Amino acid sequence: MITKPIDLRADIGEVLLDEVAIQAKILELGAQISADHTDRPLTLVSVLKGSLPFMADLMRAISVPLRIDLMEVSSYGGTGTESSGLVRILKDLSASIEGEDVLIVEDIIDTGLTLNYLLRYLRGKNPRSLEICTLLDKPARRLVDIPVNYIGFTIPDQFVVGYGLDYGEYYRNLRFVGVLRPEVYTDQA
Amino acid sequence: MTQASAAGPGAGRRSRRAAARTRQAGRPDGALPPVVEQEVPEEPSRAIYPSPVARPSFAHASEAEMARILDFYQVRWEYEPHVFPVVWNLEGAVVESFAPDFWLPDLDLYLEMTTLRQKLVRKKNRKLRRVLELYPDLRVKLFYARDFRALMLKFGKLGLVAELSGTSGQVVPVRVDGPVTASTIGLTIEPGPPTFEEPPEP
């Protein structure tokens, strides 16, 4: 059980990406995505909950017509050593993406397990194209090689929170991406 | 010295099984042998999500946890399905081999969990380098203790790391009543001191 943090900022050992750097990168990504999708409308699919701030900023940095949709999948984390069952779609798309150009918007890709599942699921809905945009890429943790079309930052192998990323559902509201002090989670292990 | 005898009596069931399997991968004609398909009918090693009722006997608790994670994300896996010989003696018999813990067929990726002591990690690193020299097309991901810890942290299960890592995570071997002989632990003793010999170019 994760205890509620008292001072969010005090739990951050290092600010990895400040607000200015994040917003500058998002403008850059938005311009690139707009340039690559001039002929057909785009559907952005955000994967809740972590990508919510990134989605909100990225969609406003894209200048071509677009629709948005939201998805949420369950995360591994059963109790004890018992089986946690199978990944589930907690929130499905609200509209069909058949024949659409779809861009999955992710906050971070590390093992690639969730995205691998999501890609297979969405391919089954027959979109015209399926691309991926992630704010953060942590390649050191990759288990499943997934081609990513747009990457904001490649980050080192550290546990990061903020700007949507959480630890025990907290820290998402930080305006920057920071490295959580190890004692925060080791004390609670 | 075989892998099993080098690892010592505390090396666990898996090393002994691996040593026994590699002995079946003899190389009488001097050519590089094919990868050995493991045949352990009493231990179903193939798992396709949702996982079957029967699970393989994992050598380490961290492997069982990894299997649950792969099941959860519906990634097909097989447990130790292949053995890659890495050292042969002068007679061409395999004396050391590498059996990655998991094969993920859809990703064409082998996964080797290394959550034990640093000394054993170095040994495994050396062995993996040798494997990749002999089988350069093999895709192997070595999953270190820090990787496992990071995975558990990500899934909010950091508290389990201590009991799933290191020696405490090892599955206790089945107790054998009576005197322990080679046959009771599944070993075949071959006469004469084994020697290390580089295999010929494939």
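No experiment lies behind these values; they were computed from the predicted model shown. Positions within a chain are numbered from 1, following the residues in the order the chain's sequence is written. Labels are handed out in written order, letters beginning with A for the chains and numbers beginning with 1 for the ligands. Selection of residues for local features in this predicted model requires a pLDDT of at least 70, selection of side-chain atom pairs for listing and counting requires 80 or more, and totals for whole chains, interfaces and linings are taken over all residues.

Chemist: I'd like to hear about the sheet that holds strand β3 (residues 66-73) of chain A, residue by residue, with values.
Modeler: Residues and elements named next belong to chain A. The sheet built from six strands is open, its strands ordered β4-β3-β2-β5-β6-β7 with mixed pairing. Two strands lie at the open edges of the sheet, namely β4 (89-91) and β7 (150-154), each paired on one side alone. The mean inter-strand angle of the sheet, taken between neighbouring strand axes irrespective of direction, is 30 degrees. Judged from the eight bridges that link them, strand β5 (residues 101-109) and strand β6 (residues 129-137) form a sheet pairing that is parallel. The residue of β6 that forms the bridge with Glu-106 is Thr-134. A residue pair is marked as a contact if its C-beta atoms, positioned from the backbone, fall within 7 Å. In this analysis, axes come from line fits to C-alpha atoms, helices being fitted only over the stretch in contact, and the angle between any two N-to-C directions falls in the range 0 to 180 degrees. A run of H or I in DSSP counts as a helix once it spans at least four residues, and a run of E counts as a strand once it spans at least two, with each numbered from the N terminus. Where helix α1 (residues 19-36) meets the sheet, its contacts fall on β5, β6 and β7, and the angle it forms with β7 comes to roughly 160 degrees. Being paired, for any two strands, means DSSP has found at least two bridges between them.

Chemist: I'd like a rundown of the interface of chain B and chain A, residues and numbers included.
Modeler: The partner chain A presents 22 residues to the 22 residues of chain B that form the contact. Those elements that provide at least two residues to the side of chain B that touches chain A are α3 (61-72) and α5 (145-154) of chain B. Under the scheme applied here, ten amino acids are nonpolar (Ala, Val, Leu, Ile, Met, Phe, Trp, Tyr, Cys and Pro), four are charged (Asp, Glu, Lys and Arg), and all others, including Gly, are polar. By residue class, the composition of the side of chain B that touches chain A is 13 nonpolar, three polar and six charged.

Chemist: Explain the confidence of the model for chain A residue by residue, including any values.
Modeler: Within chain A, residue pLDDT values average 91, and 94% of them lie at 70 or more. Under a pLDDT of 50 for its full length, residues 78-83 of chain A has, in the predicted model, five contacts with residues more than four places off or in other chains. Confidence of the predictor at the level of single residues is captured by pLDDT, which takes values from 0 to 100.

Chemist: So what's going on with the packing of α1 of chain A against helix α2 (residues 52-61) of chain A? Which residues, and what values?
Modeler: Residue and element names in this part refer to chain A. Running from N to C, α1 and α2 point in directions that differ by 50 degrees, and their axes come no closer than 8 Å. For the element pair α1 / α2, the angle class is oblique. The crossing of α1 and α2 is right-handed. Residues Gln-23, Ile-26, Leu-27, Leu-29 and Gly-30 of α1 lie in contact with α2, whose contacting residues are Asp-57, Leu-58 and Ala-61. Counted by class, the contact of α1 with α2 contains five nonpolar, two polar and one charged residues. Each angle is binned into one of four classes, with values under 35 degrees roughly parallel, values over 145 roughly antiparallel, values of 65 to 115 roughly perpendicular, and all other values oblique. Crossing chirality is assigned from the near helix's rotation relative to the far helix, an anticlockwise turn below a right angle marking it left-handed and a clockwise turn marking it right-handed.

Chemist: Break down the confidence of the model for chain B for me, citing the residues and quoting the values.
Modeler: Any segment with low pLDDT has predicted coordinates that should not be analysed in fine detail. Residues and elements named next belong to chain B. Residues of chain B with pLDDT of at least 70 account for 51%, and the chain-wide mean is 67. Per-element confidence in chain B ranges from a low mean pLDDT of 33 for helix α1 (residues 3-7) to a high of 95 for strand β6 (residues 102-104). Within the model, the stretch residues 1-31 combines pLDDT values under 50 with 60 contacts to residues more than four positions away or in other chains. A low-confidence stretch, residues 180-202 (pLDDT under 50), is modelled with 30 contacts involving residues beyond four sequence positions or located in other chains.

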